[in-house]
Amino acid sequence: MDEAITILKSQNVPVFDRGDEEYERSVATPNLLFRFSRPNCVIQPESASHVQAIIKEARSKNLKITIKCGGHSYAGHSTAYEGISLDLRRMKKAQLDMKSKTVTMEAGCQWGHVYKTLINDRHDGYVINGGRCPFVGVGGFMLGGGLGPFTRSIGMGSDTLKEATIVTADGELVTVKDSDARNSKNGRLFWALRGAGGGNFGVLVQMKLGVKKLQSEYVVAGRYQWFPQSVLTDDFMATMNKFYTTDWPIRITIDSTWMCDLRQNSGDGVRFLIYFDGKKDEFERIIDKYIQDPELAKQLKRRSLPEKSTRFLHETLVVQWSEETVRAFPTNRTYSIYSSFVFGNERSNIEKITTIIREEMKNFRRLFAGERVEFLVTWIHSGGKAKEKSPSDSAFFWRQAVYHTYVTVEWEDKWMEKDMRCFLGKVKKLLRPLSLNGEAAFINFPDGALSTNSHERAYFGDNRNELRLIKEIWDRNNFFKWDQGVRLPGATDDGKTGVDVPNEEDLTDTIAGKQWEHFEIPETLQTPENNEFLKGLKELEDLGF
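**Quick look at the overall build of the protein chain**
Point 1. Helices and strands together make up the secondary structure of the protein chain, namely 18 helices and 17 strands.
Point 2. Its C-alpha radius of gyration of 23 Å places the protein chain within 12% of the 24 Å reference for a compact globule of 545 residues.
Point 3. In terms of its C-alpha atoms, the protein chain occupies a principal-axis envelope of roughly 75 × 70 × 55 Å.
Point 4. In the protein chain, which comprises 545 residues, the share counted as buried stands at 57%.

**With respect to the pairing of strand β4 (residues 84-87)**
Point 1. Residues Ile84 and Leu86 of β4 are buried on one face, and the alternating residues Ser85 and Asp87, pointing to the opposite face, are buried as well.
Point 2. Of the pairings in the sheet, the one linking strand β2 (residues 41-43) to β4 comprises 3 bridges and is parallel in character. If you follow Cys41 over to β4, its bridge partner there is Ile84.
Point 3. Two elements, strand β3 (residues 65-68) and β4, share 4 bridges in a ladder whose sense is parallel. If you follow Lys68 over to β4, its bridge partner there is Asp87.

**Notes on the side chain of Arg432**
Point 1. Looking at the secondary structure, you find Arg432 in the loop between α14 (417-431) and α15 (455-460).
Point 2. Relative accessible area serves as the criterion here: at 3%, Arg432 is assigned to the buried category.

**A word on the packing of aromatic side chains**
Point 1. Inspection of the entire model under this criterion finds 35 aromatic pairs.
Point 2. Considering the side-chain rings of Trp248 and Tyr290, the 5.2 Å spacing of their centres and the 55° angle between planes classify their relative orientation as tilted. Taken as a pair, Trp248 in the loop between α8 (234-245) and β12 (252-261) and Tyr290 in helix α9 (residues 280-290) lie far apart in primary sequence, 42 residues in all. Considered together, Trp248 and Tyr290 belong to a single accessibility category, that of buried residues.
Point 3. Cluster of aromatic residues (ring-pair linked, three or more members): Trp226, Phe236, Phe243, Tyr244, Trp248, Trp258, Phe272, Tyr290, Phe341, Phe343, Trp379 and Tyr403.
Point 4. Its guanidinium or amino end placed over the ring of Tyr126, Lys213 lies 5.5 Å from that ring's centre, counting from NZ or CZ.
Point 5. Here the basic side chain of Lys414 rests over the ring of Trp415, its NZ or CZ set 5.4 Å away from the ring centre.

**Section: the sheet that holds strand β1 (residues 15-17)**
Point 1. The 4 strands are arranged β1-β2-β4-β3 in an open sheet whose pairing can be described as mixed. Two strands lie at the open edges of the sheet, namely β1 and β3, each paired on one side alone. Neighbour-to-neighbour, the strand axes of this sheet turn through a mean angle of 25°, independent of strand direction.
Point 2. The sheet strands contacting helix α1 (residues 2-10) are β1 and β2, and the helix crosses β1 at an angle near 135°.

**A short note on the environment of Glu295**
Point 1. With respect to the secondary-structure elements, Glu295 resides in helix α10 (residues 294-302).
Point 2. We classify Glu295 as partly exposed; its relative accessible area is 39%.
Point 3. Residues Glu295 and Trp226 lie 69 residues apart in sequence; the distance between their C-alpha atoms is 9.7 Å.

**A short note on the sheet that holds β12**
Point 1. The antiparallel open sheet is built from 7 strands, whose spatial order is β14-β11-β13-β12-β16-β17-β15. Both edges of this open sheet fall to β14 (304-308) and β15 (335-343), since each of them pairs with a single strand only. Going across the sheet, the axis of each strand differs from the next one's by a mean of 15°, ignoring polarity.
Point 2. Note: strand β16 (residues 373-381) against strand β17 (residues 403-411), 9 bridges, orientation antiparallel. Paired with Thr378 across the strands is Tyr406, a residue of β17.
Point 3. The strands touched by α10 within the sheet are β11 (218-226), β13 (269-277) and β14, with β11 carrying the most contacts at an inclination of about 135°.
Point 4. Packing against the sheet, helix α11 (residues 309-320) makes contact with β11, β13 and β14, and its axis sits at approximately 15° to β11.

**Considerations on unusual backbone geometry**
The phi torsion of most residues other than glycine is negative, and most of the peptide bonds are trans.
Point 1. Of note, Asn12 is a non-glycine position whose phi angle comes to about 65°, a positive value.
Point 2. Residue Asn12 is classed as exposed on the basis of its relative accessible area, which comes to 62%.

**Brief notes about the environment of Gly513**
Point 1. Mapped onto the secondary structure, Gly513 falls in helix α17 (residues 510-518).
Point 2. A relative accessible area of 25% means that Gly513 is categorised as partly exposed.
Point 3. With 479 residues separating them in the primary sequence, Gly513 and Phe34 have C-alpha atoms 9.9 Å apart.

**A word on the pattern of salt bridges**
Point 1. Applying the stated criterion to the full structure yields 46 salt bridges.
Point 2. Within the structure, one salt-bridge network assembled from shared partners comprises Asp261, Arg263, Arg372, Glu374, Glu410 and Glu412.

**Concerning the packing of helix α4 (residues 111-119) against α11**
Point 1. Running from N to C, α4 and α11 point in directions that differ by 145°, and their axes come no closer than 8 Å. Crossing hand, α4 versus α11: left-handed. Across the interface between the two elements, Tyr115, Lys116, Leu118 and Ile119 from α4 touch Thr310, Leu313, His314 and Leu317 from α11.
Point 2. The residue makeup of the contact of α4 with α11, split by class, is 5 nonpolar, 2 polar and 1 charged.

**Looking at the packing of α9 against α10**
The geometry of a pair of packed helices is captured by two quantities: the angle between their axes and the separation between those axes.
Point 1. The contact between α9 and α10 brings their axes to 10 Å, and the two run at 165°. Between α9 and α10, the angle is such that the two are roughly antiparallel. The hand of the α9/α10 crossing is right-handed. On α10, the residues touching Lys280, Phe283, Glu284, Ile287 and Asp288 of α9 are Ala297, Leu300 and Lys301.
Point 2. The residue inventory of the contact of α9 with α10, partitioned by class, reads 4 nonpolar, no polar and 4 charged.

**Concerning α4**
Point 1. Most of α4 is tucked away, with 7 of its 9 residues classed as buried.
Point 2. Those residues of α4 not exposed but buried are Trp111, Gly112, Val114, Tyr115, Thr117, Leu118 and Ile119.
Point 3. Where α4 is buried, its residues meet β5 (94-97), β6 (102-106), β7 (126-128), α5 (138-143), β10 (203-213) and α11.

**What to know about the pairing of β15**
Point 1. Burial analysis of β15 places 9 of its 9 residues in the buried class, which makes it a mostly covered element.
Point 2. Side chains of β15 alternate between two faces, with Tyr335, Ile337, Ser339, Phe341 and Phe343 and Ser336, Tyr338, Ser340 and Val342 buried alike.
Point 3. Two elements, β15 and β17, share 9 bridges in a ladder whose sense is antiparallel. Within β17, the residue paired with Val342 across the bridge is His404.

Basis of the calculations
- Residues numbered from 1 in each chain as written.
- Predicted model: local features only at pLDDT ≥ 70, side-chain atom pairs only at ≥ 80, totals over all residues.
- Heavy atoms only, no water.
- Helix = DSSP H or I, 4+ residues; strand = E, 2+ residues; numbered from the N terminus.
- Rg over C-alpha atoms; globule rule 2.2 N^0.38 Å.
- Buried < 20%, exposed > 50% of the residue type's maximum accessible area, 1.4 Å probe, protein only.
- Pairing = 2+ DSSP bridges.
- Phe/Tyr/Trp six-rings, centres within 6.5 Å; stacked < 30°, edge-to-face > 60°.
- Lys NZ or Arg CZ within 6 Å of the ring centre and 35° of its normal.
- Axes fitted to C-alpha atoms, helices over the stretch in contact; angles between N-to-C directions.
- Contact = heavy atoms within 4.5 Å.
- Salt bridge = Lys/Arg side-chain N within 4 Å of Asp/Glu carboxyl O.
- Left-handed = near helix turned anticlockwise from the far one by under 90°.
- Nonpolar A, V, L, I, M, F, W, Y, C, P; charged D, E, K, R; others polar.
- Parallel < 35°, antiparallel > 145°, perpendicular 65-115°, else oblique.

Structure representation (structure tokens):
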């Protein structure tokens, strides 16, 4: 490692050691499960040639690399515990070409950087098919398929990908395009990069996307948090079941989150986020037609405003996803675990799902009364144009999805982890059979507890064998290896169908425990004057204890 660092520094590649300000900023995490993340070094390349140099050095010396773009991985897949953290944050150039209706962006961009290319010159009526939260990294989003505010009318984010450039395990710079023959070596890689997730075939360094035209220069967008007197009533359940089973027009997207936050006094409720490509009167007619509760319909209309699409990208998206943004900041000092599911909108299935959620919200309040904990179920609205392609048209397999749903459990006291894992484990066992094929999960909302023998089925479905063959072509020695990545042909399967649901309680403290084995206390924390525990003891002594 020391030799590799010396060589890379001599080539002016930015390398940061433990204690350096950039190192500490890079490894800071909003999820305390990963609080002991201390890789040997953080490297922040500024160009594709820097990435090539890093990969060649790491491979020649058999050094572990963890790729990080936005750093939003729910399962910590972009968090390095040892070796090299390859942090792409300095590679954030984005260039818009309205003549060709394309945008070219480096893989360290966040979506806010890319949206600015439309905002700055007021290109109203056009949209880049990116993430809902402007602070999400473009690379992981696109490689996992990508769900945007207008997925229902445009398709998955990866459906608008035109070119992708990666640094391979051999250190070569390769560009693949939508014009490459599907069965060619490059064409197969382009197919795989649209939905297989990151860190499988190389380091993504640049992408080119098509810019899409909206129906109108205006977007109707809103946010409403509905706290009915009780989420347990038959009327509430009838409203939500009708909501989830409706075949909504493709120009409207409504995300929703069932909220059970024991830190608040508001009680249980549902948050709605609205995006509509069109005018306000059209939007209101749609709401009146499909929302059965009169008060909810009234408030959704009142809490939604028409605005130019550039203002929507600049302001409204940030505000709508304020909670997600705060969670992503290192100043957020909580623990959280997640799992995801992929649902259609068949009434028989939806009624089972919502009944389970309602009952588990009741159980959560009963079991953890007085604790600072939260249980969320977020339904990201999909379907529409995203369903029109075949599952084999790209690596993104779950085309029949109408909702990509992820469950979040968050807490503030580390001794709550076992109880939180036990609760989430029960929810997963109840909901997993109702997910598509009894196994589907969304790789952009990964579940770190999925077993090695089942994660490929959960994320890739019937595309997993083709992905293994492509892995063999581009990374035959498995240099880009991680726990939930694409494996090589011949990797052992257990032969089971469905997805293994491990005993979540058995995972208690395993993440922090493994990190601790590689953890070195920063020098700034080794001195008595900077040690919070010792300072606390000194204060007690001063008070006479």
